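Understanding the architecture of this molecule
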Amino acid sequence: MPRKLVVANWKMHGNLASNKQLLEAYIQKITPINNIDVVVCVPYPYLAQAQSILQNTNIAWGAQNISKDAVGAYTGEVSAVMLKDFGARYVIIGHSERATAYCESDENIATKFAQAKAHGIIPILCVGETLIEREAGVMQMVVGKQLDTIINTYGAGVFANAVVSYEPIWAIGTGLAASSDQAQSMHEFIRGKVAVLDKSAAASLKILYGGSVNPQNAVQLFVMQDIDGGLIGKCSLNAQEFEGICRAAT
Ligand code: PEP
């Protein structure tokens, strides 16, 4: 059975002192769990701190966004190469909180995904539907279109060893997680969509579930066939809850 992957998304939380405490608690509680992969995606200014505290542990770190460009006059942007300077191995791409607040198009997201891959950073691509779209029954069409923008430009092979996180927008930060059947059904759809075009890419693709995962619902979600782990927001800010979720992944 492939190793599960659990990713903490700290969003715009933390400061030097609280991060130190939280990362040290992660080291104490989570590093002894050695049959899963754990990543913490921190705000940019704290990448150096994550690197200095987590290096030589089995917890990897990453960022929450990346520029679609490699270098140049792009004020406020951070490139893949810059992330690599701080040892970042992963980057979240297309999180719905960014896609809505900063008007990120599917095309921009696709370019960011390719940038990460080109520089050896593992992209964690977020996809998912709104509540209205789910109620209208068009969730697979919506997620399919998000994936198609990447597939049509770069081919399905680009998903080899990448990560897709299914994050229904109605479940993020609401306390209302998708049921394990709802999540499994979308994960199966995502893997199937890639598999039709590239079987080996689909087999190496990790598909995470994100949206109000907590230590209580994690086991039911992670036990599903196509759920390879989770992207965790709120509960990653509490070391004990995050540990509970990581243990559920074992
Ligand atoms: C997220 O924002 O990626 C997320 C999953 O948040 P939460 O766990 O708080 O719903």
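Preceding block: the structure.
Let me sum up the structure you'll find in this document. (Residues numbered from 1 in each chain as written. Predicted model: local features only at pLDDT ≥ 70, side-chain atom pairs only at ≥ 80, totals over all residues. Heavy atoms only, no water.)

What about the overall build of the protein?
Heads up, the rule is: Each helix is a run of DSSP H or I of at least 4 residues and each strand a run of E of at least 2, with the numbering of both proceeding from the N terminus. To get the radius of gyration, use the C-alpha atoms; to get the globule rule, take the number of residues to the power 0.38 and multiply by 2.2 Å. Residue burial is assigned from relative accessible area. The probe radius is 1.4 Å, only protein chains are included, and a residue is buried under 20% of its type maximum, exposed over 50%, and partly exposed in between. Every residue pair with non-hydrogen atoms within 4.5 Å of one another is taken to be in contact.
Along the protein, the regular secondary structure elements total 11 helices and 8 strands. Here the C-alpha atoms of the protein give a radius of gyration of 17 Å, agreeing with the 18 Å that 2.2 N^0.38 yields for 250 residues. Structurally, the protein occupies a C-alpha span of about 45 × 45 × 35 Å along its principal axes. When burial is assessed residue by residue, the protein has 51% of its 250 residues classed as buried. The long-range share in the protein, meaning contacts at least 24 apart out of those at least 6 apart in sequence, stands at 71%.

Examining the pattern of salt bridges
Worth spelling out the cut-off: Just to be clear on terms, a salt bridge is a Lys or Arg side-chain nitrogen sitting within 4 Å of an Asp or Glu carboxyl oxygen.
Summed over all chains, the structure comprises 12 salt bridges. A salt bridge links Arg-3 to Asp-37, with the nearest nitrogen and oxygen atoms 3.1 Å apart. Placement of the pair is Arg-3 in the segment before β1 (4-9) and Asp-37 in strand β2 (residues 36-41), with a sequence separation of 34 residues. Using a relative accessible area of 26% as the deciding quantity, one classes Asp-37 as partly exposed. Arg-98 is the partner of Glu-104 in a salt bridge, and the nearest nitrogen-oxygen pair spans 4.0 Å. Note on Arg-98: relative accessible area 23%, which makes it partly exposed. Salt bridges sharing common partners tie together Arg-98, Glu-104 and Lys-112.

Brief notes about the sheet that holds strand β7 (residues 206-210)
For the record, the criterion: In this analysis, strands are considered paired if DSSP registers two or more bridges between them. To obtain each axis, a line is fitted to C-alpha atoms, and for helices this fit is confined to the stretch in contact; angles are then taken between N-to-C directions over 0 to 180 degrees.
Pairing in this closed barrel of 8 strands is parallel, and the strands run β1-β2-β3-β4-β5-β6-β7-β8 around the ring. The sheet shows a mean angle of 25° between the axes of neighbouring strands, taken without regard to direction. Bridge count for β1 against strand β8 (residues 229-232) is 4 bridges, and the pairing is parallel. Note on β8: the bridge partner recorded for Val-6 is Gly-230. Sitting on the sheet, helix α8 (residues 180-197) is in contact with β5 (122-127), β6 (163-166) and β7, with an inclination near 150° to β7.

Quick word on helix α11 (residues 239-248)
Note the cut-off: As used in this structure description, the phrase polar contact means that two N or O atoms lie within 3.5 Å; if the pair is within protein, one of them must be able to donate a hydrogen and the other to accept it, and residues adjacent in sequence are counted only when both atoms belong to side chains.
Along α11, the residues classified as buried are Ala-239, Phe-242, Glu-243, Ile-245, Cys-246 and Ala-248. Here the buried face of α11 lies against β1, α1 (16-30), β2, α10 (218-222) and β8. Between a side-chain oxygen at the N-terminus of α11 and the backbone nitrogen of Gln-240 the separation is 2.9 Å; the capping residue is Asn-238.

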